[in-house]
Structures are given as C-alpha cells and as structure tokens.
Amino acid sequence: MKRILMGIGTVAGAFALAACGGSPAAQAPAPAPAAPAAPAAQGASGGGVAPASSQTPRCTTADLEVLLGKPAEKNDAPGQFDIPLTYRNTTDHTCGLYGVPGVDLVGPDDATFGPVYHLPRVDNGVKYNEVPAGTTASATITVVKPAAGEPAWTPTKLNTIPPGQTAALTAKWPADLPVLRQDAATHPGSYVNGILADPA
C-alpha cells in the first residue's frame, strides 16, 4: 500500500530545473493566469518523512517510464490546459516518488527565448509517496495556449527529470497544443505541479 503524508501548503517553486540555467530576462509576450503562490519553498529532497518510510530509496530515472496524458482545458481558466505527466515504476521493487519533477518543453528555436522552455515548479503534491512495482504516480503540467493574434510556439517533445535525479525521460508533445512562451514572466500561466499518488 502507498504511504502518503500530505504537505501543508503549496509553493511557487524555483524557476529553473535542477540541471539547467535560468531563463532570459525578456518581457513576457502577454499576461496569462498566474500559477498558485505560497509562502515557502520545499527542498529538492521532498521534505522530511517518517523513519520507516525513509528506508525506501527514491525512484531513479532508470526505474521509471513516462507517459503524457490527454490535454484538458480548465473550466475556470479558458485557454489554460492541464496535461497529466505519469511515471510508472518498471522495476520489481517499491521506490519513493515525491516532490516536483523538472520539465523542459523542447521545440523550434524561438527568436527571443530559444528552443527550450524551462517550466517553473509549484510544490503542491504529496509530502511522501511510495510507488510499488508496476504502479504509477502523476504530476500535472499546466500550460497557456496562445490566444488569437499571439505568437504560437509548439513543442516537439518534453524532457522530464524525476525528483532527486539528474537524468531525463522524454515524451512526445501533442502536435495540436501550442504554448504561449512566458519565460520571463513573474507569474507565468505555465508550470509543473508536484507529484500526487495515483489511486490504488
């Protein structure tokens, strides 16, 4: 059974991936719905856990495969889409998967921001989570789709680094979902959320 200790708040996480640099200091093309905000950031280790749970090692990149789900437009934020980012434990043992994954969207070379969009992180997932062999846990990617007249940029793939790791997994990005680049925005409408346990 998965053991979960819920976190006590949501956090607007760091705006760079573990293995990547910062984004250019250019102005965002257009305003968009803001990511959730909270007072304090959680460390990369995902926070403290009960002594018994801490005996379970983290899932490594080699332990996992990644699947990108179907985009769904938010009911309360037209133009903003949620995409499930699901990790499956492909090993024969249980491992711990918790925290906020790193996510890069990779696509055409944008004249202002370049070919890679580093999504900010929002630490709003479970505090601790175990993933038995063959089961899954998911995070959600939220992106803003350009409105009519706004510049459209469509990624070709997604690179994601599981929490606590340095190697990435790759998934194909939906060809019909362009993204509004907001690399330099203070409160961008595109971000990646923390990992949640999937139903048993």
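Refer to the structure above for everything that follows.
The rules behind each value
- Residues numbered from 1 in each chain as written.
- Predicted model: local features only at pLDDT ≥ 70, side-chain atom pairs only at ≥ 80, totals over all residues.
- Heavy atoms only, no water.
- Helix = DSSP H or I, 4+ residues; strand = E, 2+ residues; numbered from the N terminus.
- Buried < 20%, exposed > 50% of the residue type's maximum accessible area, 1.4 Å probe, protein only.
- Contact = heavy atoms within 4.5 Å.
- Areas by Shrake-Rupley, 256 points an atom, 1.4 Å probe, with all protein chains shown as cover.
- Disulfide = S-S within 2.5 Å.
- Phe/Tyr/Trp six-rings, centres within 6.5 Å; stacked < 30°, edge-to-face > 60°.
- Lys NZ or Arg CZ within 6 Å of the ring centre and 35° of its normal.
- Pairing = 2+ DSSP bridges.
- Core = buried A, V, L, I, M, F, W, Y, C linked by side-chain atoms within 4.5 Å.
- Lys, Arg positive; Asp, Glu negative; His and termini not counted.
- Salt bridge = Lys/Arg side-chain N within 4 Å of Asp/Glu carboxyl O.
- Polar contact = N/O pair within 3.5 Å; in protein donor to acceptor, adjacent residues only side chain to side chain.

Trainee: I would appreciate a short explanation of the overall build of the chain in the present structure.
Mentor: Within the chain, the regular secondary structure consists of zero helices and 15 strands. A buried classification covers 46% of the 200 residues belonging to the chain. Intrachain contacts of the chain at a sequence separation of at least 6 include 80% that bridge at least 24 residues. Approximately 9,400 Å² of the chain is accessible, and the part contributed by carbon and sulfur atoms is 57%.

Trainee: Help me understand the environment of P146 in this model?
Mentor: Considering the arrangement of structural elements, one finds P146 in the loop between β11 (136–144) and β12 (157–161). The buried category is assigned to P146, whose relative accessible area is 16%. The sequence separation of P146 and R181 amounts to 35 residues, and the corresponding C-alpha distance is 8.6 Å. If sequence neighbours within four positions are ignored, P146 has contacts with P151, A152, P178, V179 and L180.

Trainee: I keep staring at the state of the cysteines and nothing clicks. Help me out?
Mentor: In a disulfide, the sulfur atoms of two cysteines are covalently bonded to one another. Following the criterion strictly, the structure yields one disulfide and no others. Two residues share a disulfide in this structure: C59 and C95, whose sulfurs sit 2.0 Å from each other. An S-S torsion of about 90° defines the bridge between C59 and C95 as right-handed. In this pair, C59 is assigned in the loop between β1 (5–6) and β2 (64–68) and C95 in strand β5 (residues 95–96), connecting sequence segments 36 residues apart.

Trainee: Got a minute to help me understand the packing of aromatic side chains in this structure?
Mentor: The final tally for this structure, using the stated rule, is one aromatic pair. Plain terms: the ring middles of Y98 and Y128 are 4.7 Å apart, the flat faces sit at 50° to each other, and that makes the pair tilted. In this pair, Y98 is assigned in the loop between β5 and β6 (102–110) and Y128 in strand β9 (residues 126–128), connecting sequence segments 30 residues apart. Judged on exposure class, the residue Y98 and its partner Y128 are both buried. Looking at R58, its charged tip hangs above the ring of Y98, at a distance of 4.2 Å from the centre. In this structure, R181 packs its charged tip against the face of W153, placed 4.3 Å from the ring centre.

Trainee: I tried to follow the pairing of β6 on my own but got confused; where do I start?
Mentor: Every regular strand shows the same layout, with side chains that alternate between the two sheet faces. Note that β6 and β12 share five bridges and pair antiparallel. When the sheet's bridge partners are listed, G102 is paired in β12 with I161. Where β6 and strand β7 (residues 114–118) come together, four bridges link them in antiparallel fashion. Opposite D110, over in β7, you have G114 as the bridge partner. A loop of three residues connects β6 with β7, the two strands running antiparallel in sequence.

Trainee: Sorry if this is basic, but what is going on with the nonpolar core here?
Mentor: Nonpolar side chains tend toward joint burial in soluble globular proteins. Ranked by size, the top nonpolar core spans 29 residues in total, and within it L105, I141, V143 and W173 carry the most contacts. Taken together, the elements giving at least two residues each to this core come down to β2, β4 (77–89), β6, β11 and β13 (169–172).

Trainee: Please explain the side chain of D104 as it appears in this structure.
Mentor: Inspection of the secondary structure puts D104 in strand β6. For the buried residue D104, which engages in no salt bridge, the nearest side chain bearing the opposite charge is R121, 7.9 Å off. Within the structure, the side chain of D104 is placed 2.7 Å from the side chain of H118, a separation counted as a polar contact.

Trainee: Can you help me understand the pattern of salt bridges in this one?
Mentor: Summed over all chains, the structure comprises three salt bridges. In this structure, the salt-bridge partner of R88 is E65, at a minimum N-O distance of 2.6 Å. Highlighted residues: R88 in strand β4 and E65 in strand β2, separated in sequence by 23 residues. On the basis of relative accessibility, which here comes to 28%, the residue R88 falls in the partly exposed class.

These figures come from the coordinates and say nothing about function on their own.
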